[in-house]
Amino acid sequence: MGMDKYFVSEIFRSIQGEGNYAGVNCLFIRFQFCNLTCSWCDTKYTWLRKSGTFKEYSKEELRKVIEDSPCHHIIFTGGEPTLYRLDELAVTGKKFHVETNSSILPWELLNINLADGSNFSRSAMDMNIIKHFNWVISPKLSNSGQSFHENKLKPWTEKEFGIFKFIITDENDLNEVSKLIEKYNMSKDRIYIGLEGTNINTQLKPELVDKIINSGFNFSPRLHVMLWGATKGK
Ligand code: SF4
């Protein structure tokens, strides 16, 4: 598939549930398709090609949706949003955020085969535009069942923009994060750690949060999970 179309699973208004802008009123644009297949993915419907639940937009159509939104903050999520030329959607007067699995570098040309074998390609994004985005870089730990894209993480750690978000299930995952941080000499200020799960009980683990605090990382609530569980469009 080429780069001139944007396949969008859903567009909705909510609050950002996680990371350094948690609680902020935002317009979410959830793109269809992902290059990974994480075992605990809560948006598996974005993987599907023939489900008929996604809509095709031109660049102009999607820019108009963004311009017409009363929200100042626009979140590109997925699926994996970096499959698309996000820089071309940047309009003045809005703040853009991107939630990426970190296995694709936006400033590089992309030509990739997705899990179903189909090909996806786009040209490199303009660094002068994307360096102003709030990048939420979310490498997948071994609990996702995915191979770790270490060669892609390093370039992200060398950039001055973006935060790193890890979703953990237990102390073992926390130790895995600590090893990565040490290996890449990453600033703990840029690390946000949230708890895996799809209902409020999974988010209320004070003992695990104590361990996150004592490790020197930021804790990320997952407000959408606490408020609405796994409800789609929230
Ligand atoms: S990277 Fe995100 S959207 Fe893709 S499979 Fe993993 S959790 Fe799901």
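Check the entry above for the structure.
To continue, consider the overall build of the chain. Looking only at helices and strands, one finds seven helices and 11 strands in the chain. In summary, the chain has a C-alpha radius of gyration of 17 Å against a globular reference of 17 Å for 234 residues, a match within 12%. Overall size of the chain, expressed as C-alpha extent along the three principal axes, is 50 × 35 × 35 Å. Expressed as a percentage of its 234 residues, the buried residues of the chain come to 32%. Of all intrachain contacts in the chain linking residues separated by at least 6 positions in sequence, the fraction that spans at least 24 positions is 71%.

As a further point, take the environment of V209. Looking at the element boundaries, V209 is found in helix 6 (residues 206-214). For the pair V209 and I193, spaced 16 residues apart in sequence, the C-alpha separation works out to 8.9 Å.

Most often, soluble globular proteins have nonpolar side chains that are buried together. Among the nonpolar cores identified, the biggest contains 42 residues, and F31, F76 and I193 are the most heavily contacted of them. For this core, the secondary-structure elements that each account for two or more residues are strand 1 (5-15), strand 2 (25-31), strand 4 (73-77), strand 5 (95-100), strand 8 (134-137), strand 9 (163-168), helix 4 (171-183) and strand 10 (191-195). Those residues in contact with I193 that lie beyond four places of it in its chain are F166, I168, V177, I212, F217, F219 and S220.

The strand order across the open sheet formed by nine strands is 3-1-2-4-5-8-9-10-11, and the pairing between neighbours is mixed. Each edge of the open sheet is held by one strand with a lone partner, namely strand 3 (55-58) and strand 11 (218-219). As paired elements, strand 10 and strand 11 share two bridges and run parallel to each other. Counterpart to Y192 in the pairing with strand 11 is N218.

Right, let's get into the pairing of strand 9. Most of strand 9 is tucked away, with five of its six residues classed as buried. Pairing between strand 8 and strand 9: two bridges, direction parallel. Counted as the bridge partner of V136 is I163 from strand 9. Handedness of the strand 8-helix 3 (residues 150-157)-strand 9 crossover: right-handed. Of the strand pairs in this sheet, strand 9 and strand 10 are connected by five bridges, and their pairing is parallel. Within strand 10, the residue paired with F166 across the bridge is I193. Between strand 9 and its parallel partner strand 10, the chain crosses via helix 4, and the hand of that crossover is right-handed.

This part covers the site of the ligand. Taken together, the residues surrounding the ligand are C34, L36, T37, C38, C41, T43, T46, G78, G79, E80, N101 and K140. Partitioning the shell around the ligand into residue classes produces four nonpolar, six polar and two charged.

Further remarks concern helix 4. Under the 1.5 Å per step criterion, the end-to-end length of helix 4 is 18 Å for 13 residues, consistent within 8% with the ideal 18 Å. Of all the residues in helix 4, the buried ones are L174, V177 and I181. Around the axis of helix 4, the buried residues are gathered within 60° of arc, so they sit on the same side. Away from the buried face of helix 4 by more than 90 degrees, exposed residues N172, K179, E182 and K183 are located. Those residues of helix 4 hidden inside the fold are in contact with strand 9, strand 10 and helix 6. Among the residues trailing helix 4, N185 stands out with phi positive, at a value near 55°.

Below, the discussion takes up the environment of G23. Structurally, G23 can be placed in the loop between strand 1 and strand 2. Accessibility expressed as a C-beta count within 10 Å gives 11 for G23, which makes it exposed. C-alpha of G23 to C-alpha of N172: the two residues are 149 residues apart in sequence and 28 Å apart in space. Not counting the four nearest positions on each side in its chain, G23 is found in contact with I15, Q16 and L223.

Reading the values: rules and limits
- Residues numbered from 1 in each chain as written.
- Predicted model: local features only at pLDDT ≥ 70, side-chain atom pairs only at ≥ 80, totals over all residues.
- Helix = DSSP H or I, 4+ residues; strand = E, 2+ residues; numbered from the N terminus.
- Rg over C-alpha atoms; globule rule 2.2 N^0.38 Å.
- Buried ≥ 20, exposed ≤ 12 C-beta atoms within 10 Å, placed from the backbone.
- Contact = placed C-beta atoms within 7 Å.
- Core = buried A, V, L, I, M, F, W, Y, C linked by C-beta atoms within 7 Å.
- Pairing = 2+ DSSP bridges.
- Right-handed = clockwise from strand over helix to strand, strands pointing away.
- Near = placed C-beta within 6 Å.
- Nonpolar A, V, L, I, M, F, W, Y, C, P; charged D, E, K, R; others polar.
- Expected span 1.5 Å × (residues − 1).
- Arc of directions from axis to C-beta.

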